[in-house]
Amino acid sequence: PNVVIVLLDDMGFGAPSVTGGPCNMPAMQRIADDGLLYNRFHTTALCSPTRVALLSGRNHHSAGIGSVAEVATGTPGNDSVRPNTVATVADMLRLNGYSTACVGKAHQTPTWEVSMSGPFDRWPTGEGFEKFYGFVGGETNQWDPTIYDGVTRVPKKDDPDYHFTTDMTNEAISWMKFQQAMTPDKPFFLYASYGATHAPHHVSPEWIEKYRGAFDKGWDAMRSETLAAMKAKGVVPEDTDLTDRPEGVRPWDELSDTERTVFSRLMEAYAGFAEHTDAQIARLIDALKEQGKY
């Protein structure tokens, strides 16, 4: 079978509409409606360890990345160096006849190896991906990103409306089409790892404006509404209670008008970024359907 993995970054289980959240994500809903929606997907809640665990099928400490690569230490399990004894699924599939590609964010390379000098063993192209197009590290400017094609730094496309999320999706679709045109009987593995919804929350105003005022009620009300929606969808048990408000987060009613305005705007940008990304995933689905591969 062909395999496509889409990974979104820094998105809680209560964010997308498919699980009862406020971020409208119809493409994710389409995938759930066509298949299975799991409610026990455990993550490490951080960029690098989530990626290495997903790509290797191992506990993140076993793969050497106990935390984000930028805060690696000399401690075993946290030196950010995936040992050669821990293979990636991309390598295994490639060795079993798959074409393999990674587009988007790669955040499992030791920081001191992210340069033109390498070594490139733990870049995506050294981890079993024949094709890589994206950025290496925690985040990048979505309007003017630091992009690598393989291990070569390349400029962004000359497009006045350029956005990296759209660009990486274009690259993924092009790669699939060419791969199928040349070797239609050869299976492919595509790993689309979006920069969203990690900071910076870069998205054009029309997506942000869709959510104008949607979060003015504040995080306390939003948490309660989201939990109720999750129960209605059967995502969580009926007797589920909210956790206590995290220490250091003040009640919404105690914030000043200025603080409420700023925090609401931050969430509007986050939600707009999420929906824009979902629209690109919809294009990925349509491309698969067009090729008869969905």
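Below or above, wherever it landed, is the structure these notes cover. Owing to the predicted nature of the structure, the values given are computational and were not obtained by experimental measurement. (Residues numbered from 1 in each chain as written. Predicted model: local features only at pLDDT ≥ 70, side-chain atom pairs only at ≥ 80, totals over all residues. Heavy atoms only, no water.)

1. What about the overall build of the chain?
Stage number 1. When helices and strands are tallied, the chain shows seven helices and six strands.
Stage number 2. Sequence-ordered secondary structure for the chain, helices as α and strands as β, is β-α-α-α-β-β-β-β-α-β-α-α-α.
Stage number 3. Against the 2.2 N^0.38 benchmark of 19 Å for 294 residues, the chain shows a C-alpha radius of gyration of 20 Å, consistent with a compact globule.
Stage number 4. For the chain, the spread of C-alpha atoms along the principal axes amounts to about 55 × 50 × 40 Å.
Stage number 5. Going through the 294 residues of the chain one by one, you find that 45% of them count as buried.
Stage number 6. Counting contacts in the chain only where the partners sit at least 6 residues apart, residues at least 24 apart contribute 68% of the total.
Stage number 7. When the accessible surface of the chain is summed, it comes to about 14,700 Å², and 55% of that surface belongs to carbon and sulfur atoms.
Stage number 8. The positive charge centre, built from 27 side chains, and the negative charge centre, built from 39, are 4 Å apart in the chain. (Helix = DSSP H or I, 4+ residues; strand = E, 2+ residues; numbered from the N terminus. Rg over C-alpha atoms; globule rule 2.2 N^0.38 Å. Buried < 20%, exposed > 50% of the residue type's maximum accessible area, 1.4 Å probe, protein only. Contact = heavy atoms within 4.5 Å. Areas by Shrake-Rupley, 256 points an atom, 1.4 Å probe, with all protein chains shown as cover. Lys, Arg positive; Asp, Glu negative; His and termini not counted. Charge placed at Lys NZ, Arg CZ, Asp CG, Glu CD.)

2. Overview of the nonpolar core
Stage number 1. Judged by nonpolar contacts, the single largest core of 33 residues is most densely connected at C23, V103, F164, M176, L190, Y194 and L284.
Stage number 2. Of all the secondary-structure elements, those providing two or more residues to this core are β2 (99–106), β3 (131–136), α4 (164–182), β6 (188–193) and α7 (257–290).
Stage number 3. When residues in this core are grouped by element, the largest group, nine residues, is from α7.
Stage number 4. Not counting chain neighbours up to four residues away, the residues in contact with V103 comprise Y133, M168, E171, A172, L190, Y191, A192 and S193.
Stage number 5. L93, Y98, C102 and Y148 belong to the second-largest nonpolar core, a separate cluster that totals 14 residues. (Core = buried A, V, L, I, M, F, W, Y, C linked by side-chain atoms within 4.5 Å.)

3. Side note on the pairing of β6
Stage number 1. Summarising burial for β6: six of the six residues are buried, a large majority.
Stage number 2. Of the two faces of β6, the one carrying F188, L190 and A192 and the one carrying F189, Y191 and S193 are both buried.
Stage number 3. With five bridges connecting them, strand β1 (residues 3–7) and β6 associate as parallel partners. Bridged to V3 within β6 is F189.
Stage number 4. Two elements, β2 and β6, share six bridges in a ladder whose sense is parallel. Counterpart to T100 in the pairing with β6 is F189. (Pairing = 2+ DSSP bridges.)

4. Focus on the sheet that holds strand β5 (residues 152–154)
Stage number 1. If you walk across this open sheet you meet the six strands as β1-β6-β2-β3-β4-β5, and the pairing is mixed. With one partner strand each, in any of the chains shown, β1 and β5 form the two edges of the open sheet. Strand-to-strand twist in this sheet, taken as the mean axis angle between neighbours without regard to direction, amounts to 20 degrees.
Stage number 2. Pairing geometry for β3 and strand β4 (residues 147–149), over two bridges, is antiparallel. What sits directly across from Y133, in β4, is D149.
Stage number 3. Each of β1, β2 and β6 is contacted by helix α2 (residues 47–56), which is oriented at about 170 degrees to β6, the strand it contacts most.
Stage number 4. Each of β2, β3, β4 and β6 is contacted by α4, which is oriented at about 180 degrees to β6, the strand it contacts most. (Axes fitted to C-alpha atoms, helices over the stretch in contact; angles between N-to-C directions.)

5. Section: helix α6 (residues 219–233)
Stage number 1. With 15 residues, α6 extends 21 Å from end C-alpha to end C-alpha; this agrees with the ideal 21 Å at 1.5 Å per step.
Stage number 2. The complete set of buried residues in α6 reads M222, T226, L227 and M230. The buried residues of α6 occupy one face: seen down the axis, they fall within an arc of 135 degrees.
Stage number 3. Looking one or two residues past α6, G234 carries a phi angle of roughly 75 degrees, positive in sign. (Expected span 1.5 Å × (residues − 1). Arc of directions from axis to C-beta.)

6. Let's talk about α4
Every α-helix winds through 3.6 residues per turn, so residues three or four apart in the chain are directed the same way.
Stage number 1. Taking 1.5 Å per residue as the helical rise, α4 with its 19 residues ought to reach 27 Å, and the 27 Å between its terminal C-alpha atoms agrees with that figure.
Stage number 2. Among the residues of α4, F164, T165, D167, M168, T169, E171, A172, I173, W175, M176, Q179 and Q180 are the ones counted as buried.
Stage number 3. Buried residues in α4 make contact with β2, β3, β4, β6 and α7.

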